[in-house]
Amino acid sequence: MTTSATSHDDAARLASLLRASADGDQAAFAQVYDAASPMVYGTCLRVLRDPDLAAETLQDVMLEAWRTAAAFDADRGSAKAWLATMAHRRAVDRVRSVQATRTRDEQDAVRSYVREVDEVSDEVLRRADADRVAHCMQGLTDTQRESVLLAYWEGLTYREVADRLAAALPTVKSRIRDGLTRLRLCLGAR
Amino acid sequence: MTSHANHPDDEPVNAHDLLAAWALDAVDDHERSVVERAIAADPELALEARGLRETTALLAGSVAAAPPPALRADVLAIIAREAPRSGESHPTAPLPSHEVEDTNAHPAFVTPKPRRHGVARWQSFALAAVVAGALAVPTTLAIQNDQRATQVEQQMSALESAMRQPGAQLVQGDVAGGGIAAAVLTDGEAVFTASDLPDPGDGLTYQLWRQDGDHMVSAGTLALNDGRVSATVSAEVPVDVLAVSIEPEGGSDAPTTDPVIVLAGI
């Protein structure tokens with residue numbers, strides 16, 4: 001489960017299931033759903049903090065995946081990244097449109113990030129990814145980590161991150177760029 | 001790599017500089033389109049973009065959580081209704097959902113040809129009018145209420161960036177029940193915005209539709225924020241008709257009520 005050979009096989013399998021879905025293979029799509037829905041739902045839940053909204057968004061994302069499966073291009077990235085991008089984008093679009101009516105304690109959420117991954121294990125299906133990500137997150141500076149997490153999990157633009165932290169725009173851009181690059185190196189993402 | 005388009009800061013967008021922010025969805029619509037055009041044109045940038053997206057996918061995977069079990073059957077039932085008829089294979093079909101007639105389409109909802117009613121055609125002053133009028137926010141308010149201003153800014157920049165596409169058309173009209181709507185229609189994308197919309201009512205939501213052939217395809221439900229909604233619709237086919245109806249919360253597979261607005265291109 002944690003070996004890179006296995007995760008490579010998983011990636012190839014998900015890509016071929018997605019291609020079969022593009023040809024209208026519903027059974028293949030059911031397997032895409034099974035493989036991807038925990039990641040999609042977890043991402044939506046994390047960004048939206050509302051199980052009902054997260055479930056709605058999961059449904060939207062999976063239907064979008066079914067309808068646009070033919071647009072998936074393995075040359076441009078993994079099936080998992082394709083689905084994660086779709087999920088995060090939808091969740092962020094939603095959070096940006098409901099932001100004004102919700103009270104969200106972003107700072108607290110950032111501080112509790114690593115802790116939550118450990119504590120909510122009865123709800124969260126622990127994956128090999130979680131440990132690696134938590135480990136690699138520790139390799140970022142505090143300010144890099146804060147900027148990356150505010151941007152990704154709070155759905156803030158880098159401008160909003162700069163406002164929130166009362167930091168200069170170029171500073172925040174560099175923190176995000178250097179932080180994500182460092183994370184990428186640590187995780188070995190290609 | 002850079003665009004000198006009007007931006008809130010009047011600063012050109014540097015795609016390389018914003019690549020990580022783009023990978024985290026931490027850019028506005030205008031910046032996103034600049035970055036994505038740069039990626040399409042530069043294989044080296046595309047490679048880096050790919051690595052960063054794979055990194056964010058690992059972030060997404062790190063919070064995986066079990067979804068409500070009942071949702072699986074719902075999703076699979078919906079796709080079963082959309083799937084090509086059994087025995088027919090569409091190995092090259094770009095979008096399976098477009099291959100079939102949607103038997104759920106509300107017959108009254110199909111936009112009559114020449115489908116121009118309630119539509120103002122693109123005129124050179126119209127975008128400025130919509131941006132300045134319908135979405136007006138004085139700069140003082142922008143300082144007082146940065147979140148709201150950011151949303152308006154995003155609406156404007158999405159409209160502006162769509163207007164720069166070749167063949168883009170601006171259409172606008174009044175919404176039945178109150179409010180006004182505007183959309184920029186382009187070949188593969190449409191940006192829809194509306195302001196001053198009343199609350200749709202308890203348990204109800206606004207849902208956006210695009211016409212595909214003789215039926216309407218959902219473009220998602222619209223979350224109302226301070227009377228305002230906006231959405232970007234992407235499709236593999238030209239988006240020339242958009243409509244909004246009021247549907248039960250969560251949205252419908254096909255429109256169940258008459259549209260409150262239909263916006264159609266020429």
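Our subject is the structure listed above.
Each chain has its residues counted from 1, running along the sequence as written. Here the convention is simple: chains get letters from A, ligands get numbers from 1, in the order in which they are written. Only residues with pLDDT of at least 70 get local features here, since the model is predicted, and only at 80 or more are side-chain atom pairs given and counted; chain-wide, interface and lining totals rely on the full set of residues. Just so you know, side-chain values use all the structure's heavy atoms and leave hydrogens and water out.

Caption draft 1: Quick look at the nonpolar core. Grouped together as the largest cluster of nonpolar side chains are 89 residues, with contacts concentrated most on A:Phe29 and B:Leu24. By residue number, the principal contributor to this core is helix 2 (residues 26–48) of chain A, which donates twelve residues. Every residue pair with non-hydrogen atoms within 4.5 Å of one another is taken to be in contact. Leave out the neighbours within four places in its chain, and B:Leu24 touches A:His88, A:Val148, A:Ala151, A:Tyr152, A:Ile176, A:Leu180, B:Thr56 and B:Leu59. Counting 22 residues, the second largest nonpolar core, distinct from the first, contains B:Val175, B:Leu208, B:Val229 and B:Val233. To form a nonpolar core, buried Ala, Val, Leu, Ile, Met, Phe, Trp, Tyr and Cys residues must be joined to one another through side-chain atoms within 4.5 Å. Remark: exposure states derive from per-residue accessible area (1.4 Å probe, protein chains only) relative to the maximum for the residue type, with buried under 20%, exposed over 50%, and partly exposed in between. By the criteria applied, helices consist of DSSP H or I runs no shorter than four residues and strands consist of E runs no shorter than two, each listed in order from the N terminus.

Caption draft 2: Quick peek at the side chain of A:Thr57. Residues and elements named next belong to chain A. By secondary structure assignment, the location of Thr 57 is in helix 3 (residues 51–67). Assessed through its relative accessible area of 1%, Thr 57 is described here as buried. Engagement of the side chain of Thr 57 in a polar contact is seen with the backbone oxygen of Leu 53, the distance being 2.7 Å. Pairs of N or O atoms are called polar contacts if they sit within 3.5 Å, as long as, within protein, a hydrogen donor faces a hydrogen acceptor (for residues adjacent in sequence, only side-chain-to-side-chain pairs).

Caption draft 3: Main features of the sheet that holds strand 7 (residues 215–222) of chain B. Residue and element names in this part refer to chain B. Strand pairing is defined by DSSP finding a minimum of two bridges between the two strands. The sheet built from four strands is open, its strands ordered 7-6-9-10 with antiparallel pairing. Whereas interior strands pair on both sides, the edge strands pair on one side only; in this sheet they are strand 7 and strand 10 (261–264). Neighbour to neighbour, the strand axes of the sheet diverge by 30 degrees on average, direction disregarded. Judged from the six bridges that link them, strand 6 (residues 204–212) and strand 7 form a sheet pairing that is antiparallel. Convention adopted: a line fitted to C-alpha atoms gives each axis, helices being fitted over their contacting stretch, and angles between N-to-C directions are expressed from 0 to 180 degrees.

Caption draft 4: Layout of the state of the cysteines. All names here are of chain A. Put simply, a disulfide is two cysteine sulfurs that come within 2.5 Å. Under the defined criterion, the tally for this structure stands at one disulfide over all chains. The disulfide partner of Cys 136 is Cys 186, and the S-S distance across this bridge is 2.0 Å. Between Cys 136 and Cys 186, the disulfide has an S-S torsion of -70 degrees and is therefore left-handed. Here Cys 136 is found in helix 7 (residues 128–137), whereas its partner Cys 186 is found in helix 10 (residues 169–187), with 50 residues between them in sequence. Residue classification places Cys 186 among the partly exposed positions, given a relative accessible area of 40%.

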